[in-house]
Amino acid sequence: VSPAIAFDVLPLKLHPFSQSTPTGLDCVGWKQRVAFPVIADGALDKTALADDAGSEEDLYEDFRSGNHRYGHPGGGGEQLAINELISDGSVVYAEALWDHVTMDDQELGFKAGDVIEVMDATNKEWWWGRILDSEGWFPASFVRLRVNQDEPMEDYPLKVEGGKDDDSSGGTRRFGMGQTTKDQMRTNVINEIISTERDYIKHLKDICEGYIKQCRKRADMFTEEQLKTIFGNIEDIYRCQKKFVKALEKKFNKDHPHLSEVGSCFLEYQTEFQIYSEYCNNHPNACMELSRLTKVNKYVYFFEACRLLQKMIDISLDGFLLTPVQKICKYPLQLAELLKYTNPQHRDFKDVEAALNAMKNVAQLINERKRRLENIDKIAQWQSSIEDWEGEDVLVRSSELIYSGELTKISHPQAKSQQRMFFLFDHQLVCCKKDLLRRDILYYKSRINMDDMEILDVEDGKDKDFNTSVKNAFKLHCRDTEEVHLFCAKKPEQKQRWLKAFESERRQVQLDQETGFSITEVQKKQAMLNASKQQPPGKPKAVTRPYYDFLMRQKHPTLPTTLPQQQVFMLAEPKRKPSNFWQNISRLTPFRK
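Nothing here was measured: the structure is a model prediction, and the numbers come from that model. (Residues numbered from 1 in each chain as written. Predicted model: local features only at pLDDT ≥ 70, side-chain atom pairs only at ≥ 80, totals over all residues. Heavy atoms only, no water.)

Participant: Can you help me understand the pattern of salt bridges in this one?
Facilitator: Once the charged atoms of two side chains with opposite charge are near each other, the side chains can pair. Per the stated rule, a full pass over the model turns up 28 salt bridges. Of the charged contacts in the structure, one is a salt bridge between Glu249 and Arg198, with a shortest N-O distance of 3.0 Å. Of this pair, Glu249 sits in helix 7 (residues 234-251) while Arg198 sits in helix 5 (residues 182-216), and the two are 51 residues apart along the sequence. For Glu249, a relative accessible area of 33% puts it in the partly exposed group. When its relative accessible area of 41% is taken as the criterion, Arg198 is described as partly exposed. Each of the salt bridges in this network shares a partner with another, and the network as a whole consists of Glu368, Arg371, Arg372, Glu400 and Asp512. (Salt bridge = Lys/Arg side-chain N within 4 Å of Asp/Glu carboxyl O. Helix = DSSP H or I, 4+ residues; strand = E, 2+ residues; numbered from the N terminus. Buried < 20%, exposed > 50% of the residue type's maximum accessible area, 1.4 Å probe, protein only.)

Pasting the structure below:
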């Protein structure tokens, strides 16, 4: 039997809270020292736990009363500095990381990228701020403090474009800033990029060595599938970021940071950063799986023991797992701010400019993949609503609904015509028939493999192949079997929309091949399983916000230093009540019927 490694939990500090703190959150701290023995292979010694801390139920209550998982971090030096600045009359600006949807008339709503004047930061979770004439409370974890506090945001483009430095702050105190020259401001941004990268590497290392390594030793507690769900491809991200930070440090000029040339590093790694797509898409699943596991006491003890053994800061595992999502969203802002303080004559200017566009493209790609994965649930719901379905699921080959509408299909023999509903997905065209009485009910009839088809435009008049007169027609011709399908639209504009849709379908397939986009078998099965569990119409599910609530209760190692593009990851937005796929099908298609 391997020897046990014992370590102590130091008494948690009592945390200062404002009077607005909800009842119960000010009861933080353990009065006793608790030993958490960990066997060398990662197992917890439950006997030792019981001896030192009483029953499992008592220990669990200590965790809960200590606000272990979602309380505020200790210390608070940054917060004290903010409050000191505000009390001295200085203006402190923050930039929104996420959309904050106003849920209360006393809350301040904003969009990602908005600039907020922080007026009160007494409470560590909720700050009071102002945007134009509106004031209200907002979650502190949804914003980052501006790196350079001395210039109003609206003056940035004018001053940077003119290449002028303006010390308009007078006697304003700032966060360790000396002179207010453009070079000093570029130094601030460069230092932030380097320091946050080093912190990030430390977090990734702690996750991989402190959690994943220990979890893999406990096959009795975790399956490989569970670990894949919880941690995603974070080990791949760790390997990528280690190489990236080394490249950055080589370009970092320690003596004169403003002369550093880091733009080329982002250009070099822009393709590798696409691995964040998989991680970001999986992150909500990781949160749900962690939430499920931590309802069992032994997992709570295990994760806390892993954190302490690795000597990690007092943040819960789900807080650490959020950092990669924030990180990839952060790069466009850092590069945009760096570009503001980089003179066009600077050797790094063109590379930084190109890097900003590249990282925006990476963010857009990740956002698009996220949208695609969200759509597979709707596709699964749609398929489950189709009567008499035959053959493989749509998700086996497809992940995107390109277009849908009604067409007349003409078939051999005798050129028989039939009104049918068609749904064009990537790789396949699905044909359905409407119910004669209830037109909202569809019956599955057939499907066509689009990979083997070519599209032929047909002129109005008599078609020789089918020996019938047609109008607004087109054909699908199979290159291998010479099979031909003839379709007619009601209006010329509808025909053109279908022809454009077929072109879009081929472009989508080609793009997926080039970018390597695919949906895992686990994701497909989960989508179909979710669709099968959908409640019948007339019994809508209650609106829930588990992912929104998860973000709201996160603890952060430092004040947030990230800002996503507005279009990327509206993770903070509350989930909407699921809508019927059939009624909202036009939302999924780039063309209107």
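Participant: Explanation requested: the side chain of Asn123 in the structure shown.
Facilitator: Assignment of secondary structure puts Asn123 in the loop between strand 6 (115-120) and strand 7 (126-131). Looking at Asn123, its side chain comes within polar contact range of the main-chain nitrogen of Trp126, at 3.0 Å. (Polar contact = N/O pair within 3.5 Å; in protein donor to acceptor, adjacent residues only side chain to side chain.)

Participant: So what exactly am I meant to see when it comes to the packing of aromatic side chains here?
Facilitator: The description of two aromatic rings rests on the distance between their centres and on the angle between their planes. For the structure on display, the rule yields 24 aromatic pairs. Between Phe222 and Phe302, the aromatic rings sit 5.6 Å apart at their centres with planes inclined by 50°, giving tilted as the arrangement. One end of the pair, Phe222, is in the loop between helix 5 and helix 6 (224-231); the other, Phe302, is in helix 10 (residues 297-309), with 80 residues separating them in the sequence. Comparing Phe222 with Phe302 shows no difference in burial state: the two are buried. Considering the side-chain rings of Phe244 and Tyr269, the 5.5 Å spacing of their centres and the 75° angle between planes classify their relative orientation as edge-to-face. Taken together, the residues span a long stretch of sequence, with Phe244 in helix 7 and Tyr269 in helix 8 (residues 263-269) at a distance of 25 residues. A residue is classified by how much of its surface remains accessible, and Tyr269, at 7% relative accessible area, is buried. Taken together through their ring pairs, the aromatic side chains of Phe244, Phe266, Tyr269, Phe273, Tyr276 and Tyr331 make up a single cluster. The ring of Tyr238 carries the charged tip of Lys242 above its face, separated from the ring centre by 4.5 Å. (Phe/Tyr/Trp six-rings, centres within 6.5 Å; stacked < 30°, edge-to-face > 60°. Lys NZ or Arg CZ within 6 Å of the ring centre and 35° of its normal.)

Participant: Would you mind showing me how to read helix 13 (residues 492-515) here?
Facilitator: Three or four residues apart is the spacing at which side chains of an α-helix point the same way, because the helix has 3.6 residues per turn. In a regular helix each residue adds 1.5 Å, so 24 residues correspond to 34 Å; helix 13 covers 35 Å between its end C-alpha atoms and thus fits that length. Buried within helix 13 are the following residues: Lys495, Trp498, Leu499, Ala501, Phe502, Ser504, Glu505, Gln508, Val509 and Asp512. Check the buried side of helix 13 and you find it contacts helix 12 (349-385), strand 10 (401-411), strand 11 (416-425), strand 12 (428-434), strand 14 (453-458) and strand 17 (473-478). Of the residues flanking the end of helix 13, it is Gly516, one or two places downstream, whose phi is positive at about 75°. (Expected span 1.5 Å × (residues − 1). Contact = heavy atoms within 4.5 Å.)

Participant: Just to check I follow, could you spell out the sheet that holds strand 6 for this structure?
Facilitator: Either a parallel or an antiparallel arrangement is found when strands of a sheet pair, and the pairing is made through backbone hydrogen bonds. Overall, antiparallel pairing links the 5 strands, which are arranged 8-7-6-5-9 in an open sheet. Since the sheet does not close on itself, it has two edges, and those belong to strand 8 (134-139) and strand 9 (143-145), each with one partner. Taken over all neighbouring pairs, the strand axes of this sheet differ in orientation by 45° on average, direction set aside. (Pairing = 2+ DSSP bridges. Axes fitted to C-alpha atoms, helices over the stretch in contact; angles between N-to-C directions.)

Participant: So what exactly am I meant to see when it comes to helix 6 here?
Facilitator: When helix 6 is considered as a whole, its buried residues turn out to be Gln226, Leu227, Ile230 and Phe231. Each buried residue of helix 6 lies within a common arc of 105° when the element is viewed along its axis, so the set occupies one face. Facing away from the buried side of helix 6 by over 90 degrees, the exposed positions are Glu224 and Glu225. Against helix 5, helix 7, helix 9 (276-293) and helix 11 (317-340) lie the buried residues of helix 6. Two residues or fewer after helix 6 comes Gly232, characterised by a positive phi angle close to 55°. (Arc of directions from axis to C-beta.)

Participant: Would you explain the sheet that holds strand 18 (residues 484-488) in this entry?
Facilitator: Read across the sheet, 7 strands follow the order 13-12-11-10-18-17-14 without closing on themselves; strand pairing throughout is antiparallel. Of all the strands in the sheet, just strand 13 (442-449) and strand 14 have a single pairing partner and so form its edges. Mean inter-strand twist for the sheet, computed between neighbouring axes without regard to direction, equals 35°. When strand 12 meets strand 13, the two strands line up antiparallel, connected through 7 bridges. Looking at strand 13, one finds that Gln428 is bridged to Asn449. Its contacts with the sheet put helix 12 on strand 10, strand 11, strand 12 and strand 13, and the angle it makes with strand 11 is roughly 150°. Helix 13 contacts strand 10, strand 11, strand 12, strand 14 and strand 17 of the sheet and is inclined by roughly 125° relative to strand 10.

Participant: Looking at this structure, how should I read the nonpolar core?
Facilitator: Nonpolar side chains in soluble globular proteins generally cluster together in the buried interior. In this structure, Phe231, Phe266, Phe273 and Ile328 are the most contacted members of the largest nonpolar core, which totals 62 residues. Only helix 5, helix 6, helix 7, helix 8, helix 9, helix 10, helix 11 and helix 12 provide two or more residues apiece to this core. Looking at this core, the element that brings in the most residues is helix 5, giving 13 residues. Counting residues in each nonpolar core, the second largest holds 22 residues, with Ile376, Ala380, Ile386 and Ile519 among its members. (Core = buried A, V, L, I, M, F, W, Y, C linked by side-chain atoms within 4.5 Å.)

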